[in-house]
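Examining the three-dimensional arrangement
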2 protein chains.
Amino acid sequence: PASGSKPKPPPVAHYNLNNVTITPNPLENRENILILTPMARFYQEYWDNLLKLSYPHELITLGFILPKTKEGNLATTQLQKQIAKTQKTGPEKDRFKSIIILRQDFDPPLASQDESERHKMQNQKVRRAAMAKARNSLLFSTLGPSTSWVLWLDADVVETPPTLIQDLAKHDKPVIAPNCFQRFYNPETKAMDERPYDYNNWQDSPTAQEMAQHMDPDDILLEGYAEMATYRALMAKMAKPDGLLHEEVPLDGVGGAALLVKADVHRDGAMFPPFAFYHLIETEGFAKMAKRLGWQPVGLPNYKVYHYNE
Amino acid sequence: PASGSKPKPPPVAHYNLNNVTITPNPLENRENILILTPMARFYQEYWDNLLKLSYPHELITLGFILPKTKEGNLATTQLQKQIAKTQKTGPEKDRFKSIIILRQDFDPPLASQDESERHKMQNQKVRRAAMAKARNSLLFSTLGPSTSWVLWLDADVVETPPTLIQDLAKHDKPVIAPNCFQRFYNPETKAMDERPYDYNNWQDSPTAQEMAQHMDPDDILLEGYAEMATYRALMAKMAKPDGLLHEEVPLDGVGGAALLVKADVHRDGAMFPPFAFYHLIETEGFAKMAKRLGWQPVGLPNYKVYHYNE
Ligand SMILES: Nc1nc2c(ncn2[C@@H]2O[C@H](COP(=O)(O)OP(=O)(O)O)[C@@H](O)[C@H]2O)c(=O)[nH]1
Ligand SMILES: Nc1nc2c(ncn2[C@@H]2O[C@H](COP(=O)(O)OP(=O)(O)O)[C@@H](O)[C@H]2O)c(=O)[nH]1
Ligand SMILES: [Mn+2]
Ligand SMILES: [Mn+2]
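In what follows, the accompanying structure is described. Within each chain, residue numbers correspond to sequence positions counted from 1 in written order. Each chain is given a letter, starting from A, and each ligand a number, starting from 1, according to the order in which they appear as written. The model is predicted, so local features are restricted to residues of pLDDT at least 70 and side-chain atom pairs to those at 80 or more, both for listing and for counting; the totals for chains, interfaces and linings are taken over all residues. With hydrogens and water stripped out, all remaining heavy atoms of the structure feed into the side-chain values.

Moving on, we get to the coordination of the manganese ion (ligand 3). Residue and element names in this part refer to chain A. Each metal's donors are the N, O and S atoms within 2.8 Å of it, or within 3.2 Å when it is Na, K or Ca, and because water is not part of the set, sites may look incomplete. At the metal site, the manganese ion (ligand 3) is ligated by D156 (OD) and H307 (NE2), and these contacts range over 2.2 Å. Of this pair, D156 sits in the loop between strand 5 (147-153) and strand 6 (157-159) while H307 sits in strand 13 (residues 298-307), and the two are 151 residues apart along the sequence. Summary of the burial criterion: residues with accessible area below 20% of their type's maximum are buried, those above 50% are exposed, and those between are partly exposed, where the area comes from a 1.4 Å probe applied to protein chains only. In this structure D156 comes out as buried when scored by relative accessible area, which is 14%. Helix and strand assignments come from DSSP, with helices taken as H or I runs of at least 4 residues and strands as E runs of at least 2, each series counted from the N terminus.

Spelled out as structure tokens, the structure:
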């Protein structure tokens, strides 16, 4: 080089995927966790909850993807402000191993992020295809050879047990979903209450199978729409007040609000199909793809996390 | 910390996928290339050819995945020896930006890597599913947010033009395959000659479509087997002695011997299906998946690269 100094050799990394363990006791085995969050809006409650996770932060990498919209720009600014606070001036134990922020390089298909607009049935296919691409971009760009687990956590999941990672990993399942609820003020009881939120965790039904058989190849089945009653068994409806916290049920479809995935499931190729895959799309298509690869998803009906209430 | 020294804040990286360009002129735009090679055997000719690539090596990251077999162990040792030579004592211009070596953590399904054994039809589905998983592991573990292009290059591709990357990128296509030939000694002419090698680059046929319609959902179509004549148009057969070097043809199936892919195609979710996907698997399934995502693969019948002759 011009300076005359001896160049230092570029890095050579040697990884043995066999040496990267994925065990029911990730903490003891110092396994690396990648937490991935697609984010359209920033909620302070999400960040505060993340900081409270008791899994050692020095083993956690965070990855975000935000749309290039006015709303996405605002969320990016808010997110960066909290990151700077945590990583630069916060207590050392709060600091994460590394943080990657991606900006999405395609346009989100809907102008509005309002819940009523998001949930309209005719908007679902194009919206969920865009969400699938955002999740894939984030996954493909951040998963590394030393990652053991991927925790998918939506930006509007504002409350989880601090032991979320340890609790889910303990089950030693390839894909595992807690039950996503929502707190609300119940005017009848005049008290805070909770209700099921995420309908994407389900067990298949003969009706849904039958419907799929008469659909065009590119059509998708959707959950939670009266005009398309599937009679699938929804995990959202399986929670029992007196149920065991760690009771497991097998699932055929999963949501992405909170989902722990063994990195090997993704490494085998399981991604979020942005097209109809067995008439399923995005996180529900991911569950089907995991199954095709021999990995059976499970859910925990009585283990709850909470979605923001807009 | 115990030492009393002030801890340095962990890294925060901010990437704008929009700022990572993917252009017909990657060299001028200093775009990062990731060369990915699944490797069961090490060939010195492969490494020598790699070193001759004229694209600036400081913009190239290499990724390898090798099976955990006796043969794979030997190849790893041979590869590491060459890497050490190039990266530590070789001329600075030869050195690559970084190198990642992965060892596959699942068993290869076939005991023998001999060509006759590899190419037996009843061995193909299980073999190609394992290859697909190896490619996915490599891809998911190495693709980063700043990668612009992925060049898939098999370990037995021993001769390419030194300008391979620039030449292929110039076409500005999402997925582009050169024609993979093989040099051999022709006893008839008593001189060196060449013949087509890779039959996975093809254009679909009505016969193949018709066959697919009568297959079980998990069955796959294979190319190059007399007992399963598909009448697809093979790029291997389209090379013309007087043809234009840069003539393009659209493709419906691609091989992985040499293949340049825009990183965004993979980021959208395009991977190598280890299961029947529209009755296609591995690299051929990848082409179909790219198409489902709106990316049309092309091939260059007259632009040749050469496969080792065992
Ligand atoms: N990158 C990105 N994230 C998005 C986009 N739309 C929504 N999100 C995020 O993706 C997750 C799921 O979306 P959301 O609208 O909450 O889905 P819902 O709760 O099922 O209605 C949340 O974390 C959102 O902040 C988008 O266009 N781009
Ligand atoms: N990691 C890994 N690579 C493999 C395995 N089998 C073959 N390869 C490599 O994958 C590429 C394609 O395989 P090859 O046997 O050459 O396929 P063919 O030329 O189509 O018969 C080559 O680079 C091989 O060295 C395997 O089991 N694991
Ligand atoms: Mn939400
Ligand atoms: Mn080969």
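Moving on from the model shown.
This paragraph deals with the relation of the copies chain B and chain A. Least squares is the method used to superpose the copies, on C-alpha atoms of residues holding a pLDDT of at least 70 in both. Superposing chain B onto chain A takes a rotation of 180 degrees plus a shift of 0.0 Å along the axis, which leaves an RMSD of 0.0 Å. When the rotation and shift are considered jointly, the pair of chain copies conforms to a two-fold rotation axis. Among all residues of chain B, the one whose C-alpha sits closest to the rotation axis is B:F140, at a distance of 2.7 Å. Contacts: residue pairs with any heavy atoms within 4.5 Å of one another. Take the interface residues of chain B: 100% of them recur as interface residues in chain A, which is what a same-surface contact looks like.

Residues and elements named next belong to chain B. Counted residue by residue, strand 7 (residues 175-186) has ten buried out of twelve residues, so it is predominantly covered. Pairing between two strands is assigned when DSSP locates at least 2 bridges connecting them. Bridging between strand 7 and strand 13 (residues 297-307) involves eight bridges; their strand directions are parallel. The partner of V175 across the bridge, within strand 13, is P297. The hairpin turn running from strand 7 into strand 8 (residues 191-196), its antiparallel successor, is four residues long, and K190 in that turn takes a positive phi close to 55 degrees.

Our next topic: the site of ligand 1. Residues and elements named next belong to chain A. Note on definitions. A residue lies near a molecule or strand when any single heavy atom of the residue is within 4 Å of it. Taken together, 19 residues lie near ligand 1, and P38, Q104, R118, H119 and D156 sit nearest. Within 3.5 Å is the distance limit for a polar contact, defined as a pair of N or O atoms, with the added protein rule that one can donate a hydrogen and the other accept it, and that residues adjacent in sequence qualify only through two side-chain atoms. In this structure, A40 approaches ligand 1 through a main-chain N or O atom, which is 2.8 Å from an oxygen atom. Take I65: an N or O atom from its main chain is 3.0 Å from a nitrogen atom of ligand 1. Accessibility throughout is a Shrake-Rupley quantity obtained with a 1.4 Å probe, and a residue counts as covered only by protein chains that appear here. In isolation ligand 1 offers 570 Å² of accessible surface; the protein chains occlude 89% of this area. Elements represented by at least two residues in the shell around ligand 1 include exactly strand 3 (60-66) and helix 4 (121-142). Residues of the shell around ligand 1, tallied by class, amount to ten nonpolar, four polar and five charged. Note that Gly is not counted as nonpolar here; it falls among the polar residues with everything else outside the nonpolar set of Ala, Val, Leu, Ile, Met, Phe, Trp, Tyr, Cys and Pro and the charged set of Asp, Glu, Lys and Arg.

A few words on unusual backbone geometry. All names here are of chain A. If you check the backbone angles, K190 has positive phi at about 55 degrees while not being a glycine. In this structure, K190 sits in the loop between strand 7 (175-186) and strand 8 (191-196). We classify K190 as exposed; its relative accessible area is 65%.

Residues and elements named next belong to chain B. Axis definition: a line fitted to C-alpha atoms, limited for helices to the stretch in contact. Angles are taken between N-to-C directions and run from 0 to 180 degrees. Relative orientation of the contacting elements helix 4 (residues 121-142) and helix 8 (residues 282-292) amounts to 60 degrees, with a least axis distance of 8 Å. One element, helix 4, and the other, helix 8, form an angle in the oblique class. Contacts between helix 4 and helix 8 involve R128, M131, A132 and R135 from the former and E282, T283 and E284 from the latter. Here is the rule for angles: anything less than 35 degrees is roughly parallel, anything more than 145 is roughly antiparallel, 65 through 115 is roughly perpendicular, and the remaining ranges are oblique.

This part takes up the coordination of the manganese ion (ligand 4). Of the protein atoms, only B:D156 (OD) and B:H307 (NE2) coordinate the manganese ion (ligand 4), at distances of 2.2 Å. Given the relative accessible area of 5%, B:H307 is considered buried.

Take the interface of chain B and chain A next. Taken together, the contacts link 54 residues of chain B with 54 residues of chain A. We define a salt bridge as a side-chain nitrogen of Lys or Arg found within 4 Å of a carboxyl oxygen belonging to Asp or Glu. Applying the counting rule to chain B against chain A returns two salt bridges. Across the pair A:D218 and B:R292 runs a salt bridge, and its minimum N-O distance is 3.2 Å. For the side of chain B that touches chain A, the secondary structure elements donating two or more residues are strand 1 (12-16), helix 2 (70-89), strand 4 (98-103), helix 4, helix 7 (263-267) and helix 8 of chain B. Looking at the side of chain B that touches chain A, its residues break down into 27 nonpolar, 14 polar and 13 charged.

Once that is clear, we can look at the pattern of salt bridges. All names here are of chain A. Overall, the coordinates contain 40 salt bridges over all chains when judged by the stated rule. In this structure, E248 and K173 form a salt bridge, with 3.8 Å as the shortest nitrogen-oxygen distance. Placement of E248 in the loop between strand 10 (233-234) and strand 11 (249-250) and of K173 in the loop between helix 5 (164-169) and strand 7 is noted, with a sequence separation of 75 residues between them. Through salt bridges with shared partners, one network takes in R128, R135, D154, D204, E223, R232, E282 and E284.

Of all six residues making up strand 4 (residues 98-103) of chain A, six are buried, and the element is well covered by its neighbours. Residues of strand 4 of chain A alternate between two faces, with A:S98, A:I100 and A:L102 on one and A:I99, A:I101 and A:R103 on the opposite face, all of them buried. Sheet topology note: the strand 3 of chain A/strand 4 of chain A ladder contains six bridges and is parallel. Paired with A:I65 across the strands is A:L102, a residue of strand 4 of chain A. The path from the first strand over the helix to the second decides the hand: if it runs clockwise while the strands point away from the viewer, the crossover is right-handed. For the segment spanning strand 3 of chain A, helix 2 (residues 70-89) of chain A and strand 4 of chain A, crossover handedness is right-handed. Sheet topology note: the strand 4 of chain A/strand 1 of chain B ladder contains five bridges and is parallel. Bridge pairing links A:R103 to B:N16 in strand 1 of chain B.

Turning to the packing of aromatic side chains, a few remarks are in order. The description of an aromatic ring pair uses the distance of the two centres, along with the angle that the planes make with each other. Between 30 and 60 degrees the pair is tilted, below 30 it is stacked and above 60 it is edge-to-face, where a pair is any two Phe, Tyr or Trp rings, Trp via its six-membered ring, whose centres lie within 6.5 Å. On inspection of all chains with the given rule, the structure shows 13 aromatic pairs over all chains. Taking the centre distance of 5.8 Å and the plane angle of 50 degrees together, the rings of A:F275 and B:F277 count as tilted. Of the two residues, A:F275 is situated in the loop between helix 7 (263-267) and helix 8 (282-292) and B:F277 in the loop between helix 7 and helix 8; the pairing between them involves two chains. Note on A:F277 and A:Y278: the rings are 4.9 Å apart at their centroids and 75 degrees apart in plane angle, and the pair reads as edge-to-face. Here a set of aromatic residues connected by ring pairs shows up, and it is made of A:W152, A:F272 and A:F286. Here A:R183 stacks its cationic end above the ring of A:Y306, 3.8 Å away from the centre of that ring. Criterion for a charge above a ring: Arg CZ or Lys NZ at most 6 Å from the ring centre, at most 35 degrees from the ring normal.

Honestly, that's just the spatial picture; any functional story needs more than this.
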